[in-house]
Number of protein chains: 4
Amino acid sequence: MSTQPGGAKVLQQHAGKDATKIFKSLHPPGTLQKALPAGSLVGVIDVDDAAKLGGGKDDEEQRIELARASLRNVDTIVCLDEFEEVAQSILSQMAASYYGTGCRFSLAFPETEQTLRDERESWQRIRFRPRVMRKMRHIDSRTTFLGMPQPVPFFIAPAGLARLGHPDGELNIARGAAAHDVVQVVSSGASASVDEIFGAKSPEQIMFWQFYVPSDRVLAEKKLRHAIELGAMAIFVTADVPVLGKRERDLKLKARSQNYEHPIAAQWKAAGASDWNAVKNRGISDIPDTAHIDANLCWDDIAWIRQRAPGIPIVVKGVGCVEDVELAAQYGADGVVLSTHGGRQLDGARAPIDVLVEVRRRNPALLKQIEVYIDGGVRRGTDVVKALCLGARGVGLGRPILYAQSAYGAAGVSKALQILEEEVQMAMRLLGANTVADLRPEMVEVSSPERWVPT
Amino acid sequence: MSTQPGGAKVLQQHAGKDATKIFKSLHPPGTLQKALPAGSLVGVIDVDDAAKLGGGKDDEEQRIELARASLRNVDTIVCLDEFEEVAQSILSQMAASYYGTGCRFSLAFPETEQTLRDERESWQRIRFRPRVMRKMRHIDSRTTFLGMPQPVPFFIAPAGLARLGHPDGELNIARGAAAHDVVQVVSSGASASVDEIFGAKSPEQIMFWQFYVPSDRVLAEKKLRHAIELGAMAIFVTADVPVLGKRERDLKLKARSQNYEHPIAAQWKAAGASDWNAVKNRGISDIPDTAHIDANLCWDDIAWIRQRAPGIPIVVKGVGCVEDVELAAQYGADGVVLSTHGGRQLDGARAPIDVLVEVRRRNPALLKQIEVYIDGGVRRGTDVVKALCLGARGVGLGRPILYAQSAYGAAGVSKALQILEEEVQMAMRLLGANTVADLRPEMVEVSSPERWVPT
Amino acid sequence: MSTQPGGAKVLQQHAGKDATKIFKSLHPPGTLQKALPAGSLVGVIDVDDAAKLGGGKDDEEQRIELARASLRNVDTIVCLDEFEEVAQSILSQMAASYYGTGCRFSLAFPETEQTLRDERESWQRIRFRPRVMRKMRHIDSRTTFLGMPQPVPFFIAPAGLARLGHPDGELNIARGAAAHDVVQVVSSGASASVDEIFGAKSPEQIMFWQFYVPSDRVLAEKKLRHAIELGAMAIFVTADVPVLGKRERDLKLKARSQNYEHPIAAQWKAAGASDWNAVKNRGISDIPDTAHIDANLCWDDIAWIRQRAPGIPIVVKGVGCVEDVELAAQYGADGVVLSTHGGRQLDGARAPIDVLVEVRRRNPALLKQIEVYIDGGVRRGTDVVKALCLGARGVGLGRPILYAQSAYGAAGVSKALQILEEEVQMAMRLLGANTVADLRPEMVEVSSPERWVPT
Amino acid sequence: MSTQPGGAKVLQQHAGKDATKIFKSLHPPGTLQKALPAGSLVGVIDVDDAAKLGGGKDDEEQRIELARASLRNVDTIVCLDEFEEVAQSILSQMAASYYGTGCRFSLAFPETEQTLRDERESWQRIRFRPRVMRKMRHIDSRTTFLGMPQPVPFFIAPAGLARLGHPDGELNIARGAAAHDVVQVVSSGASASVDEIFGAKSPEQIMFWQFYVPSDRVLAEKKLRHAIELGAMAIFVTADVPVLGKRERDLKLKARSQNYEHPIAAQWKAAGASDWNAVKNRGISDIPDTAHIDANLCWDDIAWIRQRAPGIPIVVKGVGCVEDVELAAQYGADGVVLSTHGGRQLDGARAPIDVLVEVRRRNPALLKQIEVYIDGGVRRGTDVVKALCLGARGVGLGRPILYAQSAYGAAGVSKALQILEEEVQMAMRLLGANTVADLRPEMVEVSSPERWVPT
C-alpha cells in the first residue's frame, strides 16, 4: 500500500470511504488493472455495507445529490452562461476550482486572474458594423476545418477531467457533439481513455486529438500512432505547457485541506510522472528529461510529428503573438490556435482576440497561408461571428461545454451546441452575412486603448 | 378550441380567468371577430361572477392595483429617468421584461446586453464645448422633418405593445404627442390598430408610419396604401429585423413560467405568421417565404415602396454604418434612422451616436444629402442637442414614452415631452445656440477609445 | 399677505413656526424693511412663547442641533474632503441639496450629474513628472492675481447662500480669508449684503466682486459702482448663467415636499425678479427683458463695464473653450475663469482642467496675453499645482469653503486655507519647484482618451 | 521627565503601562543609554508585577495575541498578496496604518491615494506577448546588480520600522534574505540599528544601504563611512524626501487618538530632529538647515558621496522621469530606482512602470548607460518579468516583505522570496525566455490611454 502511485495523501483523503467515484473521475479505465501489484486484491467490499459503517456520503456529496434532484430542466436554458450558473450547485469544490481556475485568484485583490477576466471582457472590445437590406432569408453557416466540411464554424476545445463533473465525462461530450456534427478535440488530459472516447464516436463523426508531447519520444510516438489508428483526423499539438501554470484556486483549496490532492497531480503521478515539482538550484531551474510533457518541445518537432502522422493536419495550440503564427506557417503547420489555455498558463498574456487583431493589423496575408483558430472566453454566437469577421477559421469552446455536461450530461452538451448554432446564424442574419465568406473585417470595429509594442 | 391561433399555451396560461385584459393588450380590435370560427361564440359570461368563482385578480394584478393607487403625482416628475423608476412598480412582469429587454441579460455576467448599456453610456462620450456672452434671451428650437415644420427636434420612435403598460396604450401616445405637436411614428407592432391610432389624431397632427414589410407583397401593398389613406405623412421602413433578435429577458421569463407566451409570438400567431421558429437544416437556416416580416427586404424595395407611396417621404430605420447611409441616399431614401432597435436586435452593434460620429468623420457631406435621424438611450435634452451638433436632424425616444404612458397615460406622455422641450431649450441657451442651425459640430468633443476598422 | 413676494408656498412651509432663521439665511439685511408694506407690522412675538405653542424646533433642527453638539474638533480635520463629510451631519436638507447639486441627479441612473463627477475625476487624469535633487529647502508659493500680490496661488470662488449652512455665512468666509490673506470673490448671490461682506474686511484684505449683470442696466450700473465704492478690486462677470441650470437635487427635494421653495427662487422673487419660469411658445422660448440676470449679455458688455469701472480689472467667469478665451482677450478682459459653475449649469460640459489642456495644446501663447483662472472639483494642493503647471494663474475653491464655514464658521475657513497652503507648498517641494514660476508644463502628463473635435 | 525627547504625548500614551515593547519597536538599541540623562534611572521594575497593577495588555495587544495564536501555517501561503491578508489580523493599528498609508486616504472619496492605487493597477497595463516551442526545459534567472551576481532579478527595498510588526523586525528580513541570497537594501529608517542589521548578515550575504543624507554633513559623512565599514556594498541615496509626504492614514489615526505619536515623529525627535513641522511665513516655507534629512540635496552631492565612498556603487532612489535618469547618468551615478516611495510622497506622481516605459520610448540607449531599478506595487513574478522586459535590471519589494516578516518572522520572508523566485522562473518559462537576457521589450505590449506631455 505504501507504493500507492498517487501518494499517501490520496489515501488519507479518502480513508474509510468508498473511493470508487473519485478514482474513476481521475483515471482512465484499466489504470487499476495495470498499476495494482499482484496480490493487492484482498477481497470484494459491499459498498452499501461500507456506507452503513460510516463510509457513506459526506456533506458535499449530499449537497450535490440534493442540488441534482432539483436541477431545472435543460430545455429552460437560454444561453451558455446559464450552464455555468447551474453547474455551480452540482459541482464538487474540487471540480468547481479546477474548471474555474485561472492563474491567479485572490478575493482581497481583484486584479488577479488578469488573463481570465481579460478574455471574457475582450469580446466586448469588438463592436459590429451591421449591414441591412441584404436579402437575409437564407443563412449558410457551413465552413471547412482543415479541409473537412463543418455545419458550423465552432468546435469543442480540449478540456480535461470531464468526469470531475459527471460520471460519463468526455463520453457525454462525444455524444452531444455527434448530435450536432461538431468537432470535438479530444483532450490528452481526459479522465476517459482515448480508446473510450474515440470508441464512442459515430462512424461519420470527426474528432481531433490534442497531443501533449511526452519527453520520452518512444512513448510520444506510440501515443500519436494510437490516436491516429483510433481515428484522430487532426493533431492539436499543445505548445503552451512547458510547465503547468500556477493555478491559485486549486492551490488555495489544497492549502485549506491537508489531504487535498490536485486532480492533475494525482493523474500524473498515477501515470508515473516525476515533474510535479521541478528540481531547482539557486536561480537555475530544470525540468527532468523524464517529464510527462516535454518542456523542450520546439518548432522542429512539427516535422518529427509530420513524419509519424503522414497526411494528418497539424495545428499548434497556444500561440500568443503574430511572430509565432508566422513561425508555425514557416515550419509547415496547417493551423494554429490562438489561446491562453483558458487563462491557466501565463497570467498577463493577452486575450486571444487581441492576438487575432494583431495578426490582421500586421500580417493579414498570413490568414490565407495558415488556418487560425481561437478560443478563450467565448460564450455567444456573436463572439464566434466577431472572430470570423477578423479572419478566424473556427472558434473553440471549453468551459461552457464542461459545465453543460456536468449538469446535464450529453443532453447539456447538445443543448449548448444548439443554442450556439442558432445564435451564430442569428448574428449572421442580423449582421448582413448570408455565408461565412460574407463575414468581412470591415463588419467590426476594434475598440481598445492605445497599445505600444516596444522594439 | 384546438385551433386557437395563439396556441395551446395561451389557453393554459389564462384558463379559468378573465382573459379580456391580456387579450386586448396584445390584439388590435376586431381580431376576435375576424379570427373566431363561426359557432365558437357559446354565450356571454358575467365577469364579476367569474371573479367570485376564483378567476379574479391574481397576485400581480393586486400588486399593480395597489401601486397605481399610491402613484406619485405626474407633476412631481423631474426628469425622464423617473418615469422608468415609477413604471417599474405598476408594470406586469411581462411588460417590464418586454419593454426593458435588450439582446442579452444575465445577472451573473454583467457584460451582457452590451448594446443596450453602451447606448446609455455613449451619450457621455460626447462632451460640450459651450460658448458664452452670445445674447441668449431668445431661443428657437424649431426645425423641419422631411420638409414638415416641427417645434422641437425630437420625435416619438415606434415602440410596440403600449397596451401592455396601460389600457389606452398607443392612443395615450397620440394624445400626448398632439398636446406638444410632436411627431409620433406609429408602430406596426402596436397593440392598437392603425385605424384606431390615426383615428385619434387631431387634424393638424403629424404622424409617420413604421412599416414592417411582409413577405406577402400583396398584403404589404395593402397595408402601405391603408396607412397612407389614414394620413401617414412618412414611411419608416424597418430594415434591421430580418429575424426577431434574441431577447433574453423575455426568454428567461418564459423559462420560469411554463405557460408564458411571448407577447409578440401571441400577436404574430394571431396574425397567421409561421416564422416564430425558423426551419433549419444543419448549418443552413431559412425563413419561410410566408414570413410575417420579409427577411429578403433589399435596397431595390425602396423603389417598390416609392411607386406605391408617391410623394411620401421614405426613411430607412435601423442603419448601423456609414456605408448603409450612403446606400440609402443612393437608392433615393429621404432619410435614415441610426438605430439598434433599442439594443434588441444585434447585440454588439455600436451605439447609434458612434455611427453618427462615423458619418461625420468619414463623409460629412452626406449629412446634407439625406436626413439622418437617431434613437437609442436618449433621456435628456442634452442628448438631443449633442446629436444635433453632430449633424442629426431629429432624435427619437422610445422607452421613456412607453414608461410615461404606462404610469400616467396621455398626461405622462405630455409631461415627458414638456420636460424634454424645456431641457432642449435650456441646453441650447447654455451652449450658446439661439437656433437649431447654430448647433455646430465644434460645440462638442468626442471622447472615445481608439477604434480601428480593419480593411 | 397675499402679496408676499416669496409667494404663498413660503408661508405655508413655515406657518406657525419661527421663520426668522430661514428668512435670514436667504435675505440680505434690510430686505424686510424695504419689502414690507406699511401697516404690515402688527406686533412683536416672543420666540420662546411660540416654541412652547408647538412652533418650536422641528425634527431637522433637532437633528442638526444634536450633530453640532458632538462635532469633532476643527483641529482634527486632515484634508478638505473631511469638511464635506462633517458638514453632511449639520446641514439642513435644503442646504445639503443646494450646495451639493449638479445639473442632474438620479440614484437609479448613475450616469447623471456628468459634469459634476467629471470635474472631480478630471484631476486624476493629470499625473506629475516630479524632479529630484534640486535644493528644495526653500519654497515660495507667492504670485500675483491681476497685478496684486498673493501669498498663495488659490482663491475663494464666489458661492452663494452661505447662511444656509451657518448664521454668519459669508462673513465667516471673509474672516477666514483675512487670516490667510486669501482673496475672496464676493458672490452676488450671497445671503449677506455686499455692504456687510465688504464691511467685514480688514483694511489690507483684497476682495473681488462677482457681477451677475441685471437686464436693467441702470440697476446694473448702480450695483457695479456700489461694489467698487465698497472696495471691490476686480470684477468677475458671470458669463455662464443666461438662465439658471436645471438642478435636479433641488427639484427632487421640491417634488417631495409640497411647500418647499427653492432657495434662489425665494431670493429672486424677493428681489422682484419675474424670470423664474420663462415665457414660452411652441418651440420658441424667451426670457423677459426685466430678468434678474441679463440673458443678452455679450462681449461688447466688457467695454460697457470697463467704462463704468475704470482701472478695475475685469475677469470673465464661466468660459468653456479656447475660442472664448481668445475672444475674452480680444475684447480686453484681464482674465477668464475656466469653470462649469460647479457642474450646475450645462451638464455635459467638459471639466475645466480639460479646457485648460485645450488652451495649452492649441494656443499656449494665449496664457501670456490673459490671466487664466480655473475652478471646479479642487480639493487638494496637488490639484492647485497641476493647474499651475498647465498655465493657470490661480485656482478657485467653492464647495469646500462652504462646507468648512457651515461646520466651523470662520475657524473652518481658516483651517481649510491653512491645509491647502501647506499642501501646495509640499507639492511644490516634492515636485522640484521652488517658486510658482518653476511649475512647468512638462512637470505633468495628461492622460485621457482620444478626443476629437469635429469641424 | 519634561525633557523626554519624544515629547510629552508619548508619555501620556503609555503612562502606567510597560512601554518596553513600543520603545523597542521604534528605537535602535542604545538609544536609551545615549539619551537618558544621568540620574534618570531610578530603579528596576518587574514587568509581571506591573501587569498585575493594571499596566498589562490592552485590548489591541489581546486581539493581536489571539490572532497570532491561530495564525495559519506559513506553508499554506500561496502568493504574496496573502501575507498582507494574514498580517492585517496581527498588526497594531499604528503598524497597519504606517505600513499601508499612501499620501491620501478618504473612505468617502475613493479617488484618494491616487499613486498608491495606480502603482498596483499599472502592472496590468503591461500584457505579455509570449513565445512558444522554444525548448524551455532549462531556466536561468541569474543576473548581476552593480556587477554583483544575483540568483534572481529582485531585491528587498528599504522599508522602515519593521519592528512595528514583529519584535525582530529588520533582523528577520536579513535572515530571510540570507536564505535566498537576495539583496536587502538596509533602511536608514530601520527600527534596528545598522550595526545590528549588518551584524546579522552571513559572510557572503550582500547588503546595500539606503542613505537619507542629513543636513549636517559632518554627521552625514560619519554615517556613510560607518555603513561602508559595516559592509554596505552599494549606497542608495534617497532623492525623493526633501520633506516627509502627507500620509493621511497616519494623520487620521492621530486625529482620532489624542495621545497618538506618529512613529517616525517619535523616532526623529529621539534623534534630535527639529523639522517635523517646517517654519513658515505667508507663502514662504523653509526647512531649517539642521534638518534630519537635507532638503537641499542636489546632483553635485553624488560627487561628494563618491569621494567618501570610493569604489562603492551609488544609486539614486526615487526618480520619476526620464530627464532625471539622464541627469543621474550624467552626474556619474551607477543606477537609479524608479520609485514613488511606495506612493507615500508626491501623490499624483506616475507609477514607476510608466516611467520605465517613458525611458524606453524616449531614450532606450540610456538603459545601457545606467542600471535602472524599479519598485512599487510589485506582488507577482510576472510583475518582475514585465519590468525586466522593458529594461529594468532589478525589481524591489517593500510592503510584501514587511507583511511577511510581521506575520511569520524570518520564515515569512523566506517563504515570500521562495514564492517570488518560483513565479519568476515560471513566468520566464511560459514566456519563452531561458535567461534574463532573453527577456526582450517586444515580449510585452503597453496598453494605456493616450498621454501627452505639454512642452
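Each chain carries its own residue numbering, running from 1 in the direction its sequence is written. Chains and ligands are labelled by the order in which they are written, letters from A for the one and numbers from 1 for the other. In view of the model being predicted, local features appear only for residues whose pLDDT reaches at least 70, and side-chain atom pairs are presented and counted only at 80 or more, with totals across whole chains, interfaces and linings using the full set of residues.

Looking at an unreviewed UniProt entry, chain A carries the name Putative (S)-mandelate dehydrogenase, with the source organism given as Rhodotorula taiwanensis. In UniProt, chain A has this text filed under Cofactor (unreviewed entry): "FMN". UniProt positions are given in the numbering used here, feature names are shortened, and annotations may be inferred rather than shown by experiment.

Visitor: Hey, could you go over the overall build of chain A for me, with residue numbers and the actual values?
Guide: Runs of H or I in DSSP of at least four residues are treated as helices and runs of E of at least two as strands, each being numbered from the N terminus. Within chain A one finds 20 helices and 16 strands. Exposure in this text rests on C-beta crowding, where 20 or more other C-beta atoms within 10 Å of a residue's own make it buried, 12 or fewer make it exposed, and counts in between make it partly exposed. The C-beta atoms are placed from the backbone. In chain A, which comprises 455 residues, the proportion classed as buried is 56%. Whether two residues are in contact is decided by their C-beta atoms, placed from the backbone, lying within 7 Å. Across chain A, every contact between residues at least 6 apart in sequence was considered, and the portion connecting residues at least 24 apart equals 73%.

Visitor: Break down unusual backbone geometry for me, citing the residues and quoting the values.
Guide: Positioned with a positive phi, L161 of chain A is a non-glycine residue whose angle comes to about 55°. For L161 of chain A, the position within the fold is in the loop between β5 (154–156) and α9 (170–180). When the 23 C-beta atoms within 10 Å are taken as the criterion, L161 of chain A is described as buried. Its identity as a non-glycine residue notwithstanding, H341 of chain D has a phi of 60°, on the positive side. Mapping H341 of chain D onto the fold places it in the loop between β12 (335–338) and α16 (352–362).

Visitor: Can you break down the nonpolar core residue by residue, with the values?
Guide: The nonpolar side chains of soluble globular proteins are, as a tendency, buried together. Any set of buried Ala, Val, Leu, Ile, Met, Phe, Trp, Tyr and Cys residues joined through C-beta atoms within 7 Å is what this text calls a nonpolar core. Counting 518 residues, the largest nonpolar core has V336 of chain A, V336 of chain B, V336 of chain C together with V336 of chain D as the members making the most contacts within it. Those residues in contact with V336 of chain C that sit more than four places away from it in its chain are V315, V316, V319, V325, A328, I370, V372 and Y373 of chain C.

Visitor: How would you summarise the UniProt feature "active site" (unreviewed entry) in chain A if you had to cite specific residues and measurements?
Guide: Residues and elements named next belong to chain A. When the UniProt feature table is mapped onto this chain numbering, "active site" (unreviewed entry) sits at H341. Residue H341 is classed as buried on the basis of its 26 C-beta neighbours within 10 Å. Apart from the residues lying within four places of it in its own chain, the contact partners of H341 are D240, V241 and G318.

Visitor: Summarise the sheet that holds strand β1 (residues 126–128) of chain B; cite the residues concerned and give the values.
Guide: A pair of strands counts as paired when DSSP detects no fewer than two bridges linking them. Taken together, the three strands give an open sheet; going across it, the order is β1(B)-β15(B)-β16(C), and neighbouring strands pair in antiparallel fashion. Only two strands of the sheet have a single neighbouring strand rather than two, namely β1 of chain B together with β16 (451–452) of chain C. Relative to β16 of chain C, strand β15 (residues 444–447) of chain B runs antiparallel, the two being bridged by two bridges. By the bridge assignment for β16 of chain C, S447 of chain B is matched with R451 of chain C.

Visitor: So, the environment of D140 of chain C: which residues are in play, and what are the values?
Guide: Tracing the chain through its elements places D140 of chain C in strand β2 (residues 138–140). For D140 of chain C, a count of 19 C-beta atoms within 10 Å corresponds to the partly exposed category. For D140 of chain C, the contacting residues outside a window of four places in its chain are N434 and T435 of chain C together with G283 and I284 of chain D.

Visitor: Can you tell me about helix α8 (residues 114–122) of chain B, naming the residues and giving the values?
Guide: When we look at burial in α8 of chain B, the residues that qualify are Q114, T115, L116, D118, E119 and S122 of chain B. Against the buried residues of α8 of chain B lie α16 (352–362) of chain B.

Visitor: Can you break down the relation of the copies chain B and chain C residue by residue, with the values?
Guide: The fit set for superposing copies consists of C-alpha atoms from residues with pLDDT of at least 70 in both; the fit itself is least squares. The two copies are related by a screw motion: chain B maps onto chain C through a turn of 90° and a shift of 0.0 Å along the axis, at an RMSD of 0.0 Å. Considering both components of the superposition, the chain copies are consistent with a four-fold axis. The fraction of interface residues of chain B whose copies in chain C are also interface residues is only 4%, indicating that the copies meet through different surfaces.

Visitor: Give a detailed account of the confidence of the model for chain A, specifying residues and quantitative values.
Guide: Predictor confidence is given residue by residue as pLDDT, running from a minimum of 0 to a maximum of 100. Mean pLDDT over chain A: 86, with 80% of residues reaching 70 or higher. Below a pLDDT of 50 lies the segment residues 1–6 of chain A, which in the model reaches nine contacts outside its immediate sequence neighbourhood of four places, other chains included.

Visitor: So what about the interface of chain D and chain C? Which residues, and what values?
Guide: Contact residues are listed per partner, giving 45 residues for chain D and 46 residues for chain C. Looking at the side of chain D that touches chain C, the elements that each hand over two or more residues are α12 (248–256), β10 (284–286), β11 (314–319) and β16 (451–452) of chain D. Looking at which element gives the most residues to the side of chain D that touches chain C, the answer is α12 of chain D, with four residues. Under the convention adopted here, Pro, Cys and the residues Ala, Val, Leu, Ile, Met, Phe, Trp and Tyr are nonpolar, Asp, Glu, Lys and Arg are charged, and Gly plus all remaining residues are polar. Of the residues in the side of chain D that touches chain C, the class split is 21 nonpolar, 11 polar and 13 charged.

Visitor: Can you break down the pairing of strand β7 (residues 207–211) of chain D residue by residue, with the values?
Guide: Residues and elements named next belong to chain D. Most of β7 is tucked away, with five of its five residues classed as buried. Covered by surrounding structure in β7 are M207, W209 and F211 together with F208 and Q210, the residues of both alternating faces. Pairing geometry for strand β6 (residues 184–186) and β7, over three bridges, is parallel. When the sheet's bridge partners are listed, V185 is paired in β7 with F208. With strands facing away from the observer, any crossover in which the path from the first strand over the helix to the second runs clockwise is taken as right-handed. Note that the unit made of β6, helix α10 (residues 194–199) and β7 has a crossover that is right-handed.

Visitor: Go over the pairing of β12 of chain D with me, naming the residues and quoting the values.
Guide: Residue and element names in this part refer to chain D. Along β12, one buried face is formed by G335 and V337 and the opposite face, lined by V336 and L338, is buried too. Here four bridges tie β11 to β12, and the two strands are oriented parallel to one another. Bridged to V315 within β12 is G335. After leaving β11, the chain enters helix α15 (residues 322–330) and then returns to the sheet as β12, a path that is right-handed. Bridge count between β12 and strand β13 (residues 371–375): four bridges; the pairing is parallel. What sits directly across from V337, in β13, is Y373.

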